[in-house]
Amino acid sequence: MAGVTDTYFREQLEKRKDQLNAVLASTAAPAAPKAPLVALLCEVDSALQRLADGSFGICTQCHAPVETDRLLADPLTQLCLDDLNSDEQRALERDLELAARVQRGLLPNTDTRHQDWLVHYQYKPAGMVSGDYCDVISSPTENGEMFFLLGDVAGKGVAASLLMSHLHAMFRSLAGVGLPLDNLMEVANSVFCQSTIAGQFATLICGRAGQRGEIEINSAGHLAALHVSKSGVRKIYSTGLPLGMFSTSRYTVERIKLERGDSLLLYTDGLSEAMDASGTEYGTERLSNLVRERHGCAPQDLATACMKEVTAHRGAGKQLDDQTLMVVHRGSFASSSAND
Ligand SMILES: [Zn+2]
């Protein structure tokens, strides 16, 4: 385990030790079942000992490293996945199924209609849980704006999915505060820095759509968004650093306008970096060419066409990374709330 991560595990274990000691000290009744707590305290102590002698995170059976996301979830784990017995494996699968269900519950509706805006997204985890983040938050008031968010937490599996739910809660709270977008991102970054494990970060695009087709975009190190208009495709590049890197990061807002029929496409690297059998990545250029031909397309059709092409590019190969695609489309239908 890397040095920074060791510090994190030590802190976590010390915290558990203090809590156990506190509970043991406060259990007044003599018949209280102290034995399991004492046993747990011994396990915590021996994990701290393993950290001290450098054997922490090494499987006691095969001496291979234990999976990091499993250690993050339970620092007392001493066996790698392959060395769990069948009961333990089944228990783990049940936990994962539950985590997946919790995560699905955090996703917004696949299709959102807000004033002139239509938002559609497709979310395809590589495993049971995903580190991709996506949300649509529309203000309940008549003149309200709509936030759309898409991000990618470094890593995969349970640890990444925990961070994804953290992002979800944070932006849901911040969206209602009424901060300017650059400020909102700065606050989000600072909170994220304070609450995540050292070395974990997320790239993310946070957008805010107004009533006349105007969109503000703030990107924390995420892949370029694609603005599909009549005149072609414009890439909107990130000017900021990923969330969780430096607590003092600053973010700048890019302003664009979507005419009726225009779309804005956001995606995670699971799409752009999908590889064919020869190791060639699908790439943003191909994605850009595909959407250029489809100006005015309904958001569902556009998203489906992209996913289909990426899947065709991958061929028989396995999906290696989480894939998320979001289309923010300005409808070409007439609306009383907009006059252009
Ligand atoms: Zn092992």
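## Quick word on the nonpolar core
In terms of nonpolar packing, the biggest core is built from 68 residues, with Phe148, Leu149, Leu265 and Met326 touching the most fellow members. Among the elements that take part in this core, helix α5 (residues 157-175) stands out by supplying 9 residues, more than any other. Counting residues domain by domain, this core receives three or more from each of domain 1 (3-87) and domain 2 (106-330). Here Leu149 is in contact with Tyr133, Cys134, Asp135, Phe171, Leu204, Ile205 and Cys206, once residues within four sequence places are set aside.

## Thoughts on the environment of Gly176
As for its position among the elements, Gly176 is in the loop between α5 and α6 (181-195). Placed 37 residues apart in sequence, Gly176 and Ser139 show a C-alpha to C-alpha distance of 7.8 Å.

## Concerning the domain arrangement of the protein chain
Reports of interface size often rely on the accessible area that becomes lost once the parts have come together. Each domain of the protein chain was delimited in the assignment, giving domain 1 (3-87) and domain 2 (106-330). Computed from C-alpha coordinates alone, the two centres of domain 1 and domain 2 are separated by 37 Å.

## Re helix α4 (residues 86-106)
In a regular helix each residue adds 1.5 Å, so 21 residues correspond to 30 Å; α4 covers 31 Å between its end C-alpha atoms and thus fits that length. For α4, the tally of buried residues reaches only 1 of 21 residues, placing the bulk of the element at the surface.

## What to know about the environment of Arg172
Structurally, the position occupied by Arg172 is in helix α5. Residues Arg172 and Asn85 lie 87 residues apart in sequence; the distance between their C-alpha atoms is 40 Å.

## What to know about the confidence of the model for the protein chain
This prediction gives the protein chain a mean pLDDT of 89; 92% of its residues lie at or above 70. Ranking the helices and strands of the protein chain by mean pLDDT puts strand β10 (residues 263-267) first, with 98, and helix α3 (residues 68-73) last, with 81. Considering only residues more than four positions removed or in separate chains, one finds that residues 335-340, a stretch of pLDDT under 50, has 8 contacts.

## Regarding the sheet that holds strand β11 (residues 323-330)
Reading across from one edge, β1-β2-β11-β10-β7-β8 is the order of the 6 strands in this open sheet, with antiparallel pairing throughout. Here the strands that pair on one side only, and so sit at the sheet edges, are β1 (111-114) and β8 (232-236). Going across the sheet, the axis of each strand differs from the next one's by a mean of 15°, ignoring polarity. Relative to β10, strand β7 (residues 225-229) is paired through 3 bridges, and the arrangement is antiparallel. When the sheet's bridge partners are listed, Val228 is paired in β10 with Ser263.

## Concerning the pairing of β10
Across the 5 residues that make up β10, a large majority, 5, are buried. Of the two faces of β10, the one carrying Ser263, Leu265 and Tyr267 and the one carrying Leu264 and Leu266 are both buried. As defined by bridge partners, β10 adjoins β11 across 5 bridges and the pair is classed as antiparallel. If you follow Tyr267 over to β11, its bridge partner there is Leu325.

## So, the sheet that holds strand β3 (residues 132-138)
Taken in spatial order, the 5 strands of this open sheet run β3-β4-β5-β6-β9, and their pairing is antiparallel. The open sheet has two free edges, formed respectively by β3 and β9 (254-257), since each of these has just one partner strand. Pairs of neighbouring strands in the sheet enclose a mean axial angle of 15°, with direction left out of account. Pairing of strand β6 (residues 214-220) with β9 involves 4 bridges; the strand directions are antiparallel. In the strand pairing of β9, Glu216 is matched with Arg255. Where α5 meets the sheet, its contacts fall on β3, β4 (146-153) and β5 (202-209), and the angle it forms with β3 comes to roughly 20°. Seen against the sheet, α6 touches β5 and β6 and runs at an angle of roughly 25° to β6.

## Description of the environment of Leu287
Within the fold, Leu287 resides in helix α8 (residues 283-292). The exposure class assigned to Leu287 is buried, which follows from the 22 C-beta atoms found within 10 Å. For the pair Leu287 and Glu273, spaced 14 residues apart in sequence, the C-alpha to C-alpha distance is 11 Å. Non-local contacts of Leu287, meaning those with residues more than four positions away in its chain, are made with Tyr267, Leu271, Ser272, Tyr282 and Cys306.

## Quick look at unusual backbone geometry
We note that His63 has phi near 65°; this positive angle belongs to a residue other than glycine. Along the chain, the position of His63 falls in the loop between α2 (35-53) and α3. Given 9 C-beta atoms within 10 Å, His63 falls into the exposed group. Here Gln115, not a glycine, exhibits a phi torsion of approximately 50°, which is positive.

So, how was this worked out
Numbers given to residues run from 1 along each chain, matching the order in which its sequence is written. Where totals are concerned, whole chains, interfaces and linings use all residues; where local detail is concerned, this predicted model gives features only for residues with pLDDT of at least 70, and gives and counts side-chain atom pairs only at 80 or more. Remark: nonpolar core denotes a set of buried Ala, Val, Leu, Ile, Met, Phe, Trp, Tyr and Cys residues whose joining runs through C-beta atoms within 7 Å. Working definition of burial: number of other C-beta atoms within 10 Å of the residue's own, with buried at 20 or more, exposed at 12 or fewer, and partly exposed in between, all C-beta atoms being placed from the backbone. Elements are defined by DSSP. Helices are runs of H or I of four residues or more, strands are runs of E of two residues or more, and each kind is numbered from the N terminus. Either an automatic procedure or a domain database provided the assignment from which the domain bounds are taken. C-beta atoms are placed from the backbone for every residue, and two residues are taken to be in contact when these atoms lie within 7 Å. A helix is expected to span 1.5 Å for every residue after the first. What pLDDT expresses is the predictor's confidence in each residue, scored from 0 to 100. Between any two strands, at least two bridges found by DSSP are needed for them to pair. In this analysis, axes come from line fits to C-alpha atoms, helices being fitted only over the stretch in contact, and the angle between any two N-to-C directions falls in the range 0 to 180 degrees.

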